[in-house]
Number of protein chains: 2
Amino acid sequence: MAAFEGGRGLDAFEAERVLSFDNGRAATILGRFHSTGDGESAPVLLKLSLASPFTTPDELLQGLAGMDLTLTNYSGAEYSYYDAEVTSGLCRYAMEVISPASQRQITRATPVERYMVEETEEVFREVVLPYQQHQAGKIKWIESVVSLKTEAERNLFIGGSGLGFVVNIDTKWTSHARPISADPTVRAGWHKAPWTKDLYLLAISRDPSLLSLRDLRGEEGAELCDSMRQALEDCARTVYGVPKRKLRIFFHYQPQFYRLHAHCTTCNFVNPGCEVERAHLLTTVAANLRQDGAYYEKATLVYTVREGETLCKKLFPGELEELAHHQEASQRMAAGDEEARAAAAAAD
Amino acid sequence: MAAFEGGRGLDAFEAERVLSFDNGRAATILGRFHSTGDGESAPVLLKLSLASPFTTPDELLQGLAGMDLTLTNYSGAEYSYYDAEVTSGLCRYAMEVISPASQRQITRATPVERYMVEETEEVFREVVLPYQQHQAGKIKWIESVVSLKTEAERNLFIGGSGLGFVVNIDTKWTSHARPISADPTVRAGWHKAPWTKDLYLLAISRDPSLLSLRDLRGEEGAELCDSMRQALEDCARTVYGVPKRKLRIFFHYQPQFYRLHAHCTTCNFVNPGCEVERAHLLTTVAANLRQDGAYYEKATLVYTVREGETLCKKLFPGELEELAHHQEASQRMAAGDEEARAAAAAAD
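Thresholds, definitions, all that
Residues numbered from 1 in each chain as written. Chains lettered and ligands numbered in written order. Predicted model: local features only at pLDDT ≥ 70, side-chain atom pairs only at ≥ 80, totals over all residues. Heavy atoms only, no water. Disulfide = S-S within 2.5 Å. Pairing = 2+ DSSP bridges. Helix = DSSP H or I, 4+ residues; strand = E, 2+ residues; numbered from the N terminus. Axes fitted to C-alpha atoms, helices over the stretch in contact; angles between N-to-C directions. Buried < 20%, exposed > 50% of the residue type's maximum accessible area, 1.4 Å probe, protein only. Arc of directions from axis to C-beta. Core = buried A, V, L, I, M, F, W, Y, C linked by side-chain atoms within 4.5 Å. Parallel < 35°, antiparallel > 145°, perpendicular 65-115°, else oblique. Left-handed = near helix turned anticlockwise from the far one by under 90°. Contact = heavy atoms within 4.5 Å. Nonpolar A, V, L, I, M, F, W, Y, C, P; charged D, E, K, R; others polar. pLDDT = per-residue confidence, 0-100. Buried area = accessible area lost by both parts, 1.4 Å probe. Salt bridge = Lys/Arg side-chain N within 4 Å of Asp/Glu carboxyl O. Polar contact = N/O pair within 3.5 Å; in protein donor to acceptor, adjacent residues only side chain to side chain.

> Is there a simple way to explain the state of the cysteines in this structure?
Linking two cysteines covalently through their sulfur atoms gives a disulfide. Considering all chains together, one arrives at 0 disulfides over all chains under this definition. Here Cys91(B) is not cross-linked by a disulfide; its sulfur's nearest cysteine counterpart is in Cys91(A), at 5.5 Å.

As structure tokens, then:
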């Protein structure tokens, strides 16, 4: 087909099926053009992706004051949510306002560079282990979670091999139906609900000596992996109707907090946190431990650190200044700063 | 701060810095509300994300015919690209039209379920190896690429340990400046260009006996990993100014085609294809081979297969009907079919 120029070329398009519809922001439509006698009745794909009316940060800033806001949700504290219409009302943003915003919230909202680290056995012992032990000493909340004194309504299982573990509904699973309750009648309504596509469970070890997968050893470690995997699969199937073949079950290294815990999500979507340099499948970890009981004592583990975080400063202090140069230009470029682009292209 | 109701609440907002601006589709802005005498001068974060004017697939279909199209790019064949304005002109979609669309293009555009597979040594030998060998026999183009008869303008390096490999600019790197040329003057302009944030290089083995990482053995295999990694790091640094610490270098298993090849991307973004169940870091592969030369001969490798693809049918034919049930409801749900949601919730 020749491309059509201008005007309402889609008048002649007959849609057959919407193949995908990501909240209207991206969509794929299968159809045909009306046969106009020249034989154009072959299948046609339309792929749409929503574009912003603002092409530069400055345009967006200028558009802000003209937006009409409707409050959609209010936390009662610093968070409020709005539907923000741009002038005509046809173009809308969902807007979250954090006021007042803490330094921590500002830091988290600021894009940072990530750098790759290769943590050898030696680097682990000398640099990372002391850091992990120090951090582990600060998480007082973990004992009350694994003993069900808190978050009991989120608990789906307690038991398992060794000192055991709990399986909880992850707090990041925000599409989960409310209320989250241990009441069997409430839970019966969760089975095969549409939001189970976002499944996110957590298995947290009760053994305080296990800070991360670095501490797993031999058959005992492999059995704990198998046991956690089995419990997560059982909970996913029985509580949510999600089959084992849909599950990605993995540890993070480095983890968010230093008490061994496994994540369980569905594999259809690419969630942040499942990248090869962060995630370790329990299947692989168990197999590695059975092949060499000291695998995770000796292994070089590769992961990313964020510019500015403690481990980054501890691991390669000598390189930071040089990398910061690259980072600064890159951050300003991400924010649409054309001068930074030019400068980065010119510099060497 | 109390949430504000209705109207132009942002009149009083003073922007300080745009922290992120993802093509205007998502943005984070740091600022303050004008002090109005009640002490509200703390930092404030606004997080915006563009919302579609269409909340259901039906609304989108009804809106199609009213869109005003402007041709932005035309391949000369079945691909054409438009700026599609929704009525007012303030809300726009970028639209790709594929006409005529092949069955393969339709299949690729249709969301499919993915299922987890654990490929043991035995399953590899009996089911997967014959499939790999059959597929490898079909890729005639690879020899002309690795001997630089084709795609020579994309080549950055040829050499390396063993039978060697080439390092090429991946065709998926679509933001790369044009023309792609081996001319040193042209290439000098690539250094530290803003689009290098999307860096995507490929190292492809010249050894036809290496179909995938399953075929790597011992020190020889480890050296090939090291050699590929070194060459990719060198090309990224010298040609594009991207430092080693920004690079994720990995094999896919299963790969897209059966000739050993390593991918090299930047680690700041989560690209599809870097998930733990698909990607294997060359650092880890080399270390595993040095610890046990037959690691990849014996390992159980975990990956996902797409419903309907050959390996899926070969690997678990007995489960497919049951899983298809789950899949069908899920697909229709993704397309916004409310009846499918209700049926899935009711069924068991």
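Still more ground to cover, so stick around.
> Just checking my understanding: could you explain the sheet that holds strand β2 (residues 26–33) of chain A for this structure?
To summarise the sheet geometry, strands pair through backbone hydrogen bonds and adopt either a parallel or an antiparallel arrangement. An order of β1(A)-β2(A)-β3(A)-β6(B)-β5(B)-β4(B) is seen for the 6 strands of this open sheet, with the pairing classed as antiparallel. Edge positions in the sheet fall to β1 (13–22) of chain A together with β4 (67–74) of chain B, since each has one partner strand and no second. With direction set aside, neighbouring strand axes in the sheet form an average angle of 25 degrees. Relative to strand β6 (residues 91–98) of chain B, strand β5 (residues 79–86) of chain B runs antiparallel, the two being bridged by 8 bridges.

> Explain helix α1 (residues 57–64) of chain B to me, please; I cannot follow it from the model alone.
The α-helix winds at 3.6 residues per turn, so residues separated by three or four positions along the chain end up facing the same way. Residues and elements named next belong to chain B. Residues of α1 that are buried include every one of Pro57, Leu60, Gly63 and Leu64, and no others. Projected down its long axis, α1 shows its buried positions confined to an angular sector of 125 degrees, all on one face. Away from its buried face, by an angle of more than 90 degrees, α1 presents the exposed residues Asp58 and Gln62.

> In this structure, what is going on with the nonpolar core? I would like to understand it.
Ranked by size, the top nonpolar core spans 132 residues in total, and within it Leu201(A), Tyr240(A), Leu201(B) and Tyr240(B) carry the most contacts. Counting 46 residues, the second-largest nonpolar core is a separate cluster that includes Val18(B), Ala84(B), Met95(B) and Val97(B).

> Before we go on, may I ask you to explain the packing of helix α6 (residues 218–240) of chain B against helix α7 (residues 282–291) of chain B in this structure?
A pair of packed helices is captured by two measures, namely the crossing angle of their axes and the spacing between those axes. Residues and elements named next belong to chain B. Contact geometry for α6 and α7: axes closest at 8 Å, N-to-C directions at 160 degrees. Here α7 runs roughly antiparallel to α6, going by the angle between their axes. Our pair here, α6 against α7, has a crossing hand that is left-handed. Of the residues in α7, those touching α6 at Gly218, Glu219, Gly221, Ala222, Glu223, Cys225, Asp226, Met228 and Arg229 are Leu282, Thr283, Val285, Ala286, Leu289 and Arg290. Here the residues of the contact of α6 with α7 sort into 7 nonpolar, 3 polar and 5 charged.

> Can you help me understand the confidence of the model for chain A in this one?
It should be kept in mind that the predicted coordinates are not to be read in detail where pLDDT is low. Overall, the prediction assigns chain A a mean pLDDT of 88, with 88% of residues at 70 or greater. Under a pLDDT of 50 for its full length, residues 344–348 of chain A has, in the predicted model, 8 contacts with residues more than four places off or in other chains.

> Honestly, the interface of chain B and chain A in this entry has me stumped. Any pointers?
It is common to give the size of an interface as the accessible area lost on bringing the parts into contact. On the chain A side, the residues contacting the 124 residues of chain B number 125 residues. Here chain B packs against chain A, burying approximately 11300 Å² in sum over the two surfaces, 61% of which is carbon and sulfur. Considering only the surface of chain B that becomes buried against chain A, Phe21(B), Leu50(B) and Arg245(B) emerge as the three largest contributors, covering 7% of it. We note a salt bridge from Arg248(A) to Glu277(B), for which the minimum N-O separation is 2.7 Å. Run the count over chain B and chain A and you get 35 residue pairs in polar contact (both at pLDDT 80 or more). The residue makeup of the side of chain B that touches chain A, split by class, is 72 nonpolar, 29 polar and 23 charged. Summarising the sheet, strand β6 (residues 91–98) of chain A and strand β3 (residues 44–51) of chain B pair through 7 bridges and their orientation is antiparallel. The residue of β3(B) that forms the bridge with Arg92(A) is Ala51(B).

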